[in-house]
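These are the residues of each chain, in order.
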Amino acid sequence: MTDQQQSPGVDDLPEQMRVRREKRARLLAEGTEPYPVQLPRTHSLRQVREAYPDLAPDATTGDVVAVAGRVLFVRNSGKLCFTTLREGDGTELQVMLSRDKVGEEALAAWKADVDLGDHVFIRGEVITSRRGELSILADEWRMAAKALRPLPVSHKPLAEETRVRQRYVDLIMRGQARDMVRSRAGVVRSLRESFHQRGFLEVETPMLQTMHGGATARPFVTHSNAFDIDLYLRIAPELYLKRCVVGGIEKVFEINRNFRNEGSDSTHSPEFAMLEFYEAYATYDTNAVMTRELVQEAAESVFGTQVVTLHDGTEYDLSGEWTTLSMYESLSEALGEEATPETPVELLRKHAQRVGAELDPKLGHGKLIEELWEHLVSGQLHAPTFVRDFPVETSPLTRQHRSIPGVAEKWDLYIRGFELATGYSELVDPVVERERLTEQARLGAAGDDEAMQLDEDFLRALEYGMPPSGGVGMGIDRLLMAMTGLGMRETILFPLVKPE
RNA sequence: GGGGCGUUAGCUCAAUUGGUAGAGCUGCGGACUUUUAAUCCGUAGGUUCUGGGUUCGAGCCCCAGGCGCCCUACCA
């Protein structure tokens, strides 16, 4: 009664939710706690399974255990009830409640009070059923937590939107959703271990930044009331990690969130997890090797193999050395005509027309090269491939190539057709960096809202001397995509969705 | 951003040409001491996403909007 007063509209609820609320109220009225604070559990379901791996059918053990889990299936008959419980790691265990053992009253209460989805506590003997199913024959049961909402049907796939909006339900219903959480945690853990083995230090740099830089992307803007200034949610940690290297943290990494105020699809999310690492005296050659090792070690650690099995059942080989391509050479090959850093913009536009790429006429040489390359080459790349030596003008934080003019020491790592990581020999000359950032600021003033701002403090740091260094950025969500074949919204536990 | 498709019971989905909105599972009532998505009998469950319009009559046609998905463009 009081419940109905406390939650007005209870009569308007769908029947199944109303019934469950009434059961909760009845339990309380009978003096039974539907949400007890503690239960004398002695074993996890997994522990029971592991302790009795191969009992014969119809066996008894004399061993009494107390367990708890969520009710997934109920098979009630007159005097003997079966239920299947599941706990957090996905382990399932059958429970049998017989009138002879648990008593008529408790059995009736079981049938009257328990719904699919409830958490229950069971104490009883470990046995096997006649069919050989490992079971607990209850001599006592208690409600552990009453569920007020019905679970979706277990043998039909949940609508994708519901899976994303109500990930908790997805996690209850779908083992693959739980697997992803564990795989992701394993990958992140493996990355950290790989870094620690190599003597890298993990740092956390600002997510709220006063300057917009470190990548070319549109930022989210927010406001600090206390400081009365607008702040940017970071699009990259790069400029702060470089400050670390200047300061003598010569092997440094960060795994954290970036925010980009841009579109979202199966390979893009407004907030995404990013790994960046910087190493003094490394180059884009050595950090490519390390990037490959990080990925291979993560695959080995989480899946036990470098040949991972994707969602669709196909295998994907991450092992061994990876292919390396030159951007200009591979583009020249695809065009059938040589493209170099000297190729004039007009000619590149003609190429674009010829191959059917619709490109913004305002694009300069560097952007045209990258767009043409993406149009003609990137889609062909299935096996892991490092694409090297990008146009200088689109790589404002990258060192000029040591011998090839007009080209930057930068690679992008492509896996299954999408970009997984990027690596540079870092530009550390503060004078050249000032020129590049001044040009970026000019682009910004001209309306390019992806252009970086001129970060005087970053330049000041470089002026104190940054050792020659290599740096890498890798998307964690995309790494999971690469190793599972799933879309980005499956690798992110709670991706951004518009309010219902 | 542009185009297409979808939105119906707790869940997954039907509904012919515009003519009483159905099924399976779930729920509720009953039977059943070895089930595995238990089975059997009975039964309930709807603001058809929202707002407007056309029509004797709209889940269906028209207009506007919300949310989602696909294609397309862009960023990692």
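Residues numbered from 1 in each chain as written. Chains lettered and ligands numbered in written order. Predicted model: local features only at pLDDT ≥ 70, side-chain atom pairs only at ≥ 80, totals over all residues. Heavy atoms only, no water.

**Q** Which parts of the structure should I look at to understand the overall build of chain A?
**A** Helix and strand counts for chain A stand at 17 helices and 18 strands. Compactness check: chain A gives a C-alpha radius of gyration of 29 Å against a globular reference of 23 Å for 500 residues, more than 25% above the reference. Here chain A holds 500 residues, and the buried ones make up 48% of them. Considering only residue pairs separated by 6 or more positions, chain A has 65% of its internal contacts joining residues 24 or more positions apart. Summed over all atoms, the accessible surface of chain A reaches about 24700 Å², with 50% contributed by carbon and sulfur. Positive and negative charge centroids in chain A, built from 58 and 80 side chains respectively, lie 7 Å apart. (Helix = DSSP H or I, 4+ residues; strand = E, 2+ residues; numbered from the N terminus. Rg over C-alpha atoms; globule rule 2.2 N^0.38 Å. Buried < 20%, exposed > 50% of the residue type's maximum accessible area, 1.4 Å probe, protein only. Contact = heavy atoms within 4.5 Å. Areas by Shrake-Rupley, 256 points an atom, 1.4 Å probe, with all protein chains shown as cover. Lys, Arg positive; Asp, Glu negative; His and termini not counted. Charge placed at Lys NZ, Arg CZ, Asp CG, Glu CD.)

**Q** Looking at this structure, how should I read the domain arrangement of chain A?
**A** Often, the extent of an interface is quoted as the loss of accessible area upon association of its parts. Domain annotation for chain A reports domain 1 (13-145) and domain 2 (173-322 + 383-491). Distance from the C-alpha centre of domain 1 to the C-alpha centre of domain 2: 49 Å. (Domains from an automatic or database assignment.)

**Q** So what exactly am I meant to see when it comes to helix 5 (residues 104-113) here?
**A** Helical geometry note: an α-helix holds 3.6 residues per turn, so side chains three or four residues apart project in the same direction. Leu 107, Trp 110 and Asp 113 are the residues of helix 5 that are buried. Each buried residue of helix 5 sits inside an arc of 145 degrees when the element is viewed along its axis, so together they form one side. Of the exposed residues in helix 5, the ones pointing more than 90 degrees away from its buried face are Glu 104 and Glu 105. (Arc of directions from axis to C-beta.)

**Q** Any chance you could explain the protein's contact with RNA strand B here in plain terms?
**A** Around RNA strand B sit 49 residues, and of these Gln 16, Ser 129, Arg 131, His 268 and Arg 478 come closest. At a separation of 2.8 Å, a base nitrogen of RNA strand B approaches a polar side-chain atom of Gln 94. At 3.2 Å from a phosphate oxygen of RNA strand B is found a side-chain nitrogen or oxygen belonging to Lys 367. Listed by contribution, the elements that provide at least two residues to the surface near RNA strand B are helix 2 (15-29), strand 1 (60-76), strand 2 (80-86), strand 3 (92-98), helix 6 (160-165), helix 13 (365-376) and helix 17 (488-491). A per-class count over the surface near RNA strand B returns 17 nonpolar, eleven polar and 21 charged. (Near = heavy atom within 4 Å. Polar contact = N/O pair within 3.5 Å; in protein donor to acceptor, adjacent residues only side chain to side chain. Nonpolar A, V, L, I, M, F, W, Y, C, P; charged D, E, K, R; others polar.)

**Q** Would you mind showing me how to read the packing of aromatic side chains here?
**A** Each pair of aromatic rings is reported with the distance of its centres and the angle of its planes. Under the criterion given, the structure shown has eight aromatic pairs. Centroid distance Trp 110 to Trp 141: 5.2 Å. Interplanar angle 85 degrees. Geometry classified as edge-to-face. Here Trp 110 is found in helix 5, whereas its partner Trp 141 is found in strand 5 (residues 134-145), with 31 residues between them in sequence. Comparing Trp 110 with Trp 141 shows no difference in burial state: the two are buried. Taken together, Phe 195, Phe 200, Phe 253 and Phe 277 form an aromatic cluster joined through their ring pairs. Positioned above the aromatic ring of Tyr 240 is the side chain of Arg 243, whose terminal nitrogen or guanidinium carbon lies 4.3 Å from the ring centre. For Lys 410, the ring lying beneath its charged end belongs to Phe 390, and the centroid distance is 4.5 Å. (Phe/Tyr/Trp six-rings, centres within 6.5 Å; stacked < 30°, edge-to-face > 60°. Lys NZ or Arg CZ within 6 Å of the ring centre and 35° of its normal.)

**Q** Quick question: what am I supposed to make of the sheet that holds strand 7 (residues 208-209) here?
**A** Two pairing modes exist for strands in a sheet, parallel and antiparallel, and in both the strands are linked by backbone hydrogen bonds. Reading across the sheet, the three strands line up as 7-9-8 and stay open at both edges, with antiparallel pairing between neighbours. Every other strand in the sheet has two partners, leaving strand 7 and strand 8 (221-224) as the edge strands with one partner each. With two bridges connecting them, strand 7 and strand 9 (residues 229-233) associate as antiparallel partners. Counterpart to Leu 208 in the pairing with strand 9 is Leu 233. (Pairing = 2+ DSSP bridges.)

**Q** I tried to follow helix 14 (residues 430-445) on my own but got confused; where do I start?
**A** In this model helix 14 runs 22 Å from its N-terminal to its C-terminal C-alpha over 16 residues, within 8% of the 22 Å that 1.5 Å per residue would give. For helix 14, the set of buried residues is Pro 430, Glu 433, Arg 436, Leu 437 and Gln 440. For helix 14, the arc enclosing every buried residue in end-on projection is 120 degrees, short of the 170-degree limit, so these residues lie on one face. Pointing more than 90 degrees away from the buried face of helix 14 are the exposed residues Val 431, Glu 435 and Ala 445. (Expected span 1.5 Å × (residues − 1).)

**Q** What's the story with the UniProt feature "binding site: Mg(2+) 2" (unreviewed entry) in chain A in this structure? I'm lost.
**A** In the numbering used here, UniProt assigns the feature "binding site: Mg(2+) 2" (unreviewed entry) to Glu 419. Of note, Glu 419 is situated in strand 17 (residues 418-425). (UniProt positions renumbered as here; feature names shortened; annotations may be inferred.)

**Q** Explain the pattern of salt bridges here, please?
**A** Where charged atoms from two side chains of opposite charge approach closely, those side chains can pair. Here the structure, examined in full by the defined rule, presents 40 salt bridges. In this structure, the salt-bridge partner of Arg 257 is Glu 271, at a minimum N-O distance of 2.7 Å. Of the two residues, Arg 257 sits in strand 10 (residues 251-259) while Glu 271 sits in strand 11 (residues 271-280), which places them 14 residues apart along the sequence. Glu 409 is paired through a salt bridge with Arg 402; the nearest N and O atoms lie 2.6 Å apart. Where salt bridges share partners, they join Arg 163, Arg 167, Asp 170, Arg 174 and Glu 490 into one cluster. (Salt bridge = Lys/Arg side-chain N within 4 Å of Asp/Glu carboxyl O.)

**Q** Just to check I follow, could you spell out the UniProt feature "binding site: Mg(2+) 1" (unreviewed entry) in chain A for this structure?
**A** In the numbering adopted here, UniProt assigns the feature "binding site: Mg(2+) 1" (unreviewed entry) to Asp 412 and Glu 419. With respect to the element layout, Asp 412 can be found in strand 16 (residues 407-415). Judged by its relative accessible area of 5%, Asp 412 falls in the buried class. Beyond its immediate sequence surroundings of up to four residues, Asp 412 is in contact with Thr 385, Phe 386, Val 387, Phe 390, Glu 419, Ala 421 and Thr 422. Setting aside residues no more than four positions away along its own chain, Glu 419 makes contact with Asp 412, Leu 413, Tyr 414 and Arg 478.

**Q** Quick question: what am I supposed to make of the pairing of strand 5 here?
**A** Put simply, side chains in a regular strand alternate between the two faces of the sheet. Among the twelve residues that make up strand 5, ten are buried, leaving the element largely enclosed by the rest of the structure. Relative to strand 5, strand 3 is paired through three bridges, and the arrangement is parallel. By the bridge assignment, Val 95 is partnered in strand 5 with Ile 136. Two elements, strand 4 (residues 119-128) and strand 5, share ten bridges in a ladder whose sense is antiparallel. Opposite Glu 125, over in strand 5, you have Leu 137 as the bridge partner. Connecting strand 4 to the antiparallel partner strand 5 that follows it, the hairpin turn spans five residues, and Gly 132 within it adopts a positive phi of roughly 95 degrees.

**Q** It is not clear to me how the sheet that holds strand 15 (residues 385-391) should be interpreted in this structure. Could you clarify?
**A** An order of 6-10-11-18-17-16-15-14 is seen for the eight strands of this open sheet, with the pairing classed as mixed. Looking at the sheet topology across the chains shown, the edges are occupied by strand 6 (201-202) and strand 14 (323-326). Across the face of the sheet, helix 13 comes into contact with strand 15 and strand 16 while running at roughly 155 degrees to strand 15. (Axes fitted to C-alpha atoms, helices over the stretch in contact; angles between N-to-C directions.)

**Q** I keep staring at the nonpolar core and nothing clicks. Help me out?
**A** For soluble globular proteins, nonpolar side chains are generally found buried alongside one another. Core analysis: the biggest nonpolar cluster contains 41 residues, and Leu 191, Leu 275, Phe 277 and Leu 318 have the highest contact counts within it. Counting only elements with at least two residues in this core, the list comes to helix 8 (175-197), strand 10, strand 11, helix 10 (286-303), strand 16, strand 17, strand 18 (469-475) and helix 16 (476-484). If sequence neighbours within four positions are ignored, Leu 318 has contacts with Val 295, Gln 296, Ala 299, Gln 306, Val 308, Pro 384, Ile 415 and Met 483. Of all hydrophobic cores here, the second largest spans 24 residues; its members include Tyr 52, Cys 81, Leu 85 and Leu 134. (Core = buried A, V, L, I, M, F, W, Y, C linked by side-chain atoms within 4.5 Å.)

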